[in-house]
Amino acid sequence: MGTTNRLSVKIAGIELKNPVMTASGTFGSGEEYSEFIDLNGLGAVVTKGVANVPWPGNPTPRVAEVYGGMLNAIGLQNPGVEVFCRRDLPFLKKYDTKIIVNVCGHSVEEYTEVVERLADEPVDMLEINISCPNVREGGIAFGTVPSVAEKITKACKKVAKQPIIMKLSPNVTDIGEMARAVEAGGADAVSLINTLTGMKIDVNRRKFVLANRTGGMSGPAVKPIAVRMVYEAAHAVHVPVIGMGGIASAEDALEFILAGATAVSVGTANFINPRATLDVVAGIERYLEENGIDSVQDLVGAVEE
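Figured I'd write up the structure that's included with this text. (Residues numbered from 1 in each chain as written. Predicted model: local features only at pLDDT ≥ 70, side-chain atom pairs only at ≥ 80, totals over all residues. Heavy atoms only, no water.)

Points about the environment of Ser8
1) Next: Relative to the elements of secondary structure, Ser8 occurs in the segment before strand S1 (9-11).
2) Next: It is 22 Å that separates the C-alpha atoms of Ser8 and Val227, two residues lying 219 residues apart in sequence.
3) Next: Setting aside residues no more than four positions away along its own chain, Ser8 makes contact with Glu15, Leu16, Lys17, Asn18, Val296 and Gln297.
4) Next: One polar contact links the side chain of Ser8 to the main-chain carbonyl oxygen of Asn5, over a distance of 3.0 Å.
5) Next: Within the structure, Ser8 has its side chain in polar contact with the side chain of Glu15 (distance 3.5 Å). (Helix = DSSP H or I, 4+ residues; strand = E, 2+ residues; numbered from the N terminus. Contact = heavy atoms within 4.5 Å. Polar contact = N/O pair within 3.5 Å; in protein donor to acceptor, adjacent residues only side chain to side chain.)

Structure follows, in structure tokens:
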């Protein structure tokens, strides 16, 4: 790892030593991977979703392998914000990396309760997961209706002391419209894509493989869709974009950066290669050196039109 700052990027005034972070839900809260990799090497650790109270998650089986990736229907199982603050934050504070907490909820009140609780904690940014089912509206995800996405952004911004990243759902017709909606609500950055809704059926048992029937599709197969959506979002808004979706190598990450992402998150690849994030960091640095590029920021949105 070089000591140069050619890898550093800024998001909402927060400086990351490099543009590589973990994708929420694939890295626990950091401690789970700390025996495999040095967390100091990451731009940021993005935690698993944290709710106002513990969530039990969905019934099992809730993970299935599919061609080019995986389906998951974990249901955002988490121990709740109090346990998170008591147990996970002190652990993460031991490392020289930025801490981004992913926040989930079933209602606007549940989201804002977590955001308020974290306001005075040593957290650098919050990532609001609006792919959660809105129980008040019959389970439709907050992130699929522009007016609702804007409303929840405003509500979170009102009580937040940290910058707010809105994590966008790809299960929409126009990702640019969703990005503009959360920007209008005051989002400091957007991250995308969250998982695509998928399904798998066991033909021999003639049953759904996941107890939940549907699950979130992630992994290499979603990357071309994710790159396209990041490109569209980056052209729709003026706030920084964090790209994710099937990133497994530095080349993958660079595609997102050239499409307009200021930073990237590595998710499913962590399950296959626990060192994936650091491999991506090293690969980006190598690319900059080989191509005589002074800063990774020079590559953001630099795809030739």
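Describing the side chain of Thr47
1) Next: Tracing the chain through its elements places Thr47 in the loop between strand S4 (44-46) and strand S5 (63-66).
2) Next: Engagement of the side chain of Thr47 in a polar contact is seen with the backbone nitrogen of Asn102, the distance being 3.2 Å.

With respect to the environment of Gly267
1) Next: Structurally, the position occupied by Gly267 is in the loop between strand S18 (263-266) and helix H7 (269-272).
2) Next: Using a relative accessible area of 11% as the deciding quantity, one classes Gly267 as buried.
3) Next: Put simply, Gly267 and Phe27 are 240 residues apart on the chain and 7.6 Å apart in space, counted from C-alpha to C-alpha. (Buried < 20%, exposed > 50% of the residue type's maximum accessible area, 1.4 Å probe, protein only.)

Some points on the packing of aromatic side chains
1) Next: Taken as a whole, this structure holds four aromatic pairs when the rule is applied.
2) Next: Their ring planes at 10° and their centres at 4.2 Å tell us that Phe27 and Tyr33 sit as a pair that is stacked. Comparing Phe27 with Tyr33, the two get one shared label, buried.
3) Next: Seen in terms of ring centroids, Tyr33 and Phe36 are 6.2 Å apart; in terms of plane orientation they differ by 65°. Their pairing is edge-to-face. (Phe/Tyr/Trp six-rings, centres within 6.5 Å; stacked < 30°, edge-to-face > 60°.)

Quick notes on helix H6 (residues 250-259)
1) Next: Of all the 10 residues making up H6, seven are buried; the element is thus mostly covered by neighbouring parts of the structure.
2) Next: For H6, every residue scored as buried is listed here: Ala250, Asp252, Ala253, Leu254, Phe256, Ile257 and Ala259.
3) Next: If you follow the buried residues of H6, they end up packed against helix H5 (223-236), strand S17 (241-244), S18 and helix H8 (276-290).
4) Next: Following H6 by one or two positions, Gly260 adopts a phi angle in the positive range, close to 130°.

Observations concerning the packing of helix H2 (residues 108-118) against helix H3 (residues 146-159)
1) Next: Two elements in contact, H2 and H3, have axes whose closest approach is 9 Å; the angle formed by their N-to-C orientations is 30°. Between H2 and H3, the crossing angle belongs to the class labelled roughly parallel. As for the relative orientation of H2 and H3, their crossing is right-handed in sense. Contacts between H2 and H3 involve Val108, Tyr111, Thr112, Val115 and Glu116 on the former and, on the latter, Lys151, Ile152, Ala155, Cys156 and Val159.
2) Next: Residue composition of the contact of H2 with H3, by class: seven nonpolar, one polar and two charged. (Axes fitted to C-alpha atoms, helices over the stretch in contact; angles between N-to-C directions. Parallel < 35°, antiparallel > 145°, perpendicular 65-115°, else oblique. Left-handed = near helix turned anticlockwise from the far one by under 90°. Nonpolar A, V, L, I, M, F, W, Y, C, P; charged D, E, K, R; others polar.)

Focus on the sheet that holds strand S16 (residues 214-218)
1) Next: Ordered by their spatial adjacency, four strands build an open sheet running S5-S6-S16-S13, and the pairing between neighbours is antiparallel. In this open sheet, the two edge strands, each paired with only one partner strand, are S5 and strand S13 (196-199). Strand-to-strand twist in this sheet, taken as the mean axis angle between neighbours without regard to direction, amounts to 40°.
2) Next: Here four bridges tie S13 to S16, and the two strands are oriented antiparallel to one another. For Gly198, the partnering residue across the bridge sits in S16 and is Gly215. (Pairing = 2+ DSSP bridges.)

Considerations on the packing of helix H4 (residues 175-184) against H5
1) Next: One way to put it is that H4 packs onto H5 with a least axis distance of 8 Å and a crossing angle of 45°. For the element pair H4 / H5, the angle class is oblique. Where H4 crosses over H5, the handedness of that crossing is right-handed. Where H4 abuts H5, its residues Ile175, Gly176, Ala179, Arg180 and Glu183 lie against Met229, Glu232, Ala233 and Ala236.
2) Next: In terms of residue class, the contact of H4 with H5 is built from five nonpolar, one polar and three charged.

What to know about the environment of Cys132
1) Next: Looking at where Cys132 falls in the secondary structure, it is placed in the loop between strand S8 (125-129) and strand S9 (133-134).
2) Next: By relative accessible area, Cys132 is classed as buried at 0%.
3) Next: Separated by 26 residues in the primary sequence, Cys132 and His106 have C-alpha atoms spaced 6.6 Å apart.
4) Next: If near-sequence neighbours (up to four positions away) are discounted, Cys132 is found in contact with Leu76, Cys104, Gly105, Tyr111, Ile140, Ala141 and Phe142.

Observations concerning the layout of surface pockets
1) Next: If you add up the space inside the second largest pocket, you get close to 150 Å³.
2) Next: Taken together, Val63, Ala64, Glu65, Val66, Gly68, Gly69, Met70, Pro220, Thr268, Phe271 and Ile272 make up the lining of the second largest pocket.
3) Next: Counting only elements with at least two residues in the lining of the second largest pocket, the list comes to S5, strand S6 (69-72) and H7.
4) Next: The greatest single-element share of the lining of the second largest pocket, amounting to four residues, is contributed by S5. (1 Å grid on protein atoms, 1.4 Å probe; cavity = no way out; pocket = protein on both sides within 12 Å on 5 of 7 lines; lining within 4 Å. Points joined across faces, edges and corners; volume = space filled by probe spheres on them.)

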